[in-house]
Each structure stands twice: as C-alpha cells, then as structure tokens.
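Examining the three-dimensional arrangement
Residues per chain are reported as follows:
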Amino acid sequence: MNSPIIQLLVLAGIAVFLILRLKSVLGTRDGYEAPRQPAQTRNSGPDLDVIEGGPDRDITDHVDEDSDAAQALIKMKAAEPSFGVGDFLQGARGAYEMILMGFEKGDLASIKSFLADDVYDAFAGVVTSREEQGLTVEAEFIGVRETILQNATFNDATKEGEVTVRFVGEMTYVVRDNGGEVVEGSETQIKKTKDVWTFARNMGSDDPNWQLVATGE
C-alpha cells in the first residue's frame, strides 16, 4: 500500500474519531425541539395571597370592625394614607411618658407644643399651686403596661381626627415639703397610673404632631 493511501486512511480515521467525540459531548437533536425556557426567578419571600376588600387589620386589631370608631379610623386613613393606627399607638406611648413626666416635674415648657391651650392651663394651675405650697415632686417613670384604643371620631368638615387612649403605667412618686419631708408617695413603693387621654390632629396637615386635648381617668 503506497504512502498517499495510508495518509488518506489515517485522516479518515481521525475525522470519524472527532465526530464521535463531538456527539458524546454535545448530544444529538432529533426532529423539532422546543426552545429552552428561561429559568423563573424565585421569590425570596413566601407566596402571600392578598385579599382585596378584606378588613384592615391595622384597624380591627384595636377596635370592632362594625364600630363607629372603626369608621372614623377608615376616614382618617382616607384623608391621610400614611396614617397607621399601630404607629399612632406606639407614638402615644412615648407621648404619655414625656407629657406625664413633664407635668410631674413642672417642666411644662418642654411639652407645651403637645398640649391644647385648656389642657396646658389646667396643668400650669396644678404646677403653680404646688410651687406656692412649697412642694416638690420626685418621680421616675417605670413603663407603660397597657395602651388601649377606646374611641375615635372624625369631623368630615374640618378633617380633624380624635383618638382616645387608655394608659396604665407605673412610676415611683414622692412629694416633699419645704423641709424635705415626704408628704405623699413613697421612695420604694411603685405607683400605678391610670389615665384616659384624647389626642387630636387635622389629618393631612403638614404638622405631624398630635395634641393632647382632654384628660380623664
């Protein structure tokens, strides 16, 4: 067998070998093969079904769904979509401590912007009376134990919303006379506070602060 024939056979063998290798690596496609679909991106969070038209849990967690208070809160949210009942109550807890301690310590200047005029005048009258009697108050706030939304109203004409909240808190409370003698309270005994406060605000206004407009027990 001459040299050209040998070279031709060698080249043919190499070609067959390469074809078989390519098939083993790439595979084969017979007939029509549908194009591959891109992989779907998985949502990192759980699949949640949103029920439109259902009750607003931010409201029904605090008041009865069919109550007048619930209707008032719905109107507040319509007037100011960013308003949240849970957020309001959280802020009210902080306001309760701040206003209560400002009153007990006679520091009304720091809380005046959060008080309606008549509430400020009532607080100022008590503080002035204590000063005239030579009494001083030592108080430390321990914490709020209960924050319960009792009522809510909304004025359609003025867009003013009012929310009434019942607070139960704890504090230490001591009243001393001019000589430093304890005339009320105890340095070691914890006093429970119970207050029903009403806050008001024009919904949708630029001023985010609610004002304390009424107090009671």
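Bear in mind the structure is a predicted one, so any value in this text is a computation, not a measurement. (Residues numbered from 1 in each chain as written. Predicted model: local features only at pLDDT ≥ 70, side-chain atom pairs only at ≥ 80, totals over all residues. Heavy atoms only, no water.)

1. Let's talk about the packing of aromatic side chains
Counted only if it meets this: Aromatic rings from Phe, Tyr and Trp, taking only the six-membered ring of Trp, are treated as a pair when their centres fall within 6.5 Å; an angle between ring planes under 30 degrees marks them as stacked, one over 60 as edge-to-face, and anything in between as tilted. The way it works is that DSSP assigns letters per residue, a run of H or I at least four long becomes a helix, a run of E at least two long becomes a strand, and they are numbered from the N terminus. A simple rule labels every residue: compare its accessible area, found with a 1.4 Å probe on the protein chains alone, to the largest value its type can have, and call it buried under 20%, exposed over 50%, or partly exposed in between.
Inspection of every chain in the model, using the stated rule, returns 11 aromatic pairs. With 4.7 Å between their ring centres and 40° between their planes, Phe103 and Phe123 make a pair best called tilted. Taken together, the residues span a long stretch of sequence, with Phe103 in helix H4 (residues 85–104) and Phe123 in helix H5 (residues 117–132) at a distance of 20 residues. Residues Phe103 and Phe123 agree in their burial class; the two are buried. Ring centres of Phe167 and Trp197 lie 5.9 Å apart, and the angle between their planes is 70°; this geometry places the pair in the edge-to-face category. Placement of the pair is Phe167 in strand S2 (residues 160–176) and Trp197 in strand S3 (residues 182–202), with a sequence separation of 30 residues. Given a relative accessible area of 0%, Phe167 falls into the buried group.

2. A look at the pattern of salt bridges
Filter applied, for reference: Basic side-chain nitrogens of Lys or Arg form a salt bridge, by our definition, when they fall within 4 Å of a carboxyl oxygen of Asp or Glu.
With the rule as written, the count across this model stands at 10 salt bridges. With a shortest N-O distance of 2.8 Å, Lys77 and Asp56 are connected by a salt bridge. With Lys77 in helix H3 (residues 68–79) and Asp56 in the loop between helix H1 (3–26) and helix H2 (57–60), this pair connects stretches of sequence that are 21 residues apart. On the basis of relative accessible area, Lys77 is assigned to the buried category, the value being 17%. Assessed through its relative accessible area of 33%, Asp56 is described here as partly exposed. Notably, a salt bridge pairs Arg166 with Glu146, separated by 3.2 Å at the nearest N-O pair. Of this pair, Arg166 sits in strand S2 while Glu146 sits in strand S1 (residues 136–154); the two residues are 20 residues apart in sequence, bridging distant segments of the chain. By relative accessible area, Arg166 is classed as partly exposed at 24%. Linked by salt bridges that have partners in common, Asp56, Asp58 and Lys77 make up one network.

3. Focus: the sheet that holds strand S4 (residues 211–216)
Our working rule: A pair of strands is considered paired only if DSSP assigns at least 2 bridges between the two. To get an axis, fit a line to the C-alpha atoms, keeping to the stretch in contact for a helix; angles then go from 0 to 180 degrees between the N-to-C directions. Residue contacts are defined here by distance: any two heavy atoms, one from each residue, within 4.5 Å place the two residues in contact.
Read from one edge to the other, the open sheet built from four strands follows the order S1-S2-S3-S4, with strand pairing classed as antiparallel. The open sheet terminates on both sides in strands that have one partner only, identified here as S1 and S4. Going across the sheet, the axis of each strand differs from the next one's by a mean of 30°, ignoring polarity. Of the pairings in the sheet, the one linking S3 to S4 comprises five bridges and is antiparallel in character. The partner of Trp197 across the bridge, within S4, is Thr215. Where H3 meets the sheet, its contacts fall on S1 and S2, and the angle it forms with S1 comes to roughly 90°. Against the sheet, H5 makes contact with S1 and S4, and its axis sits at roughly 60° relative to S4, the strand it touches most.

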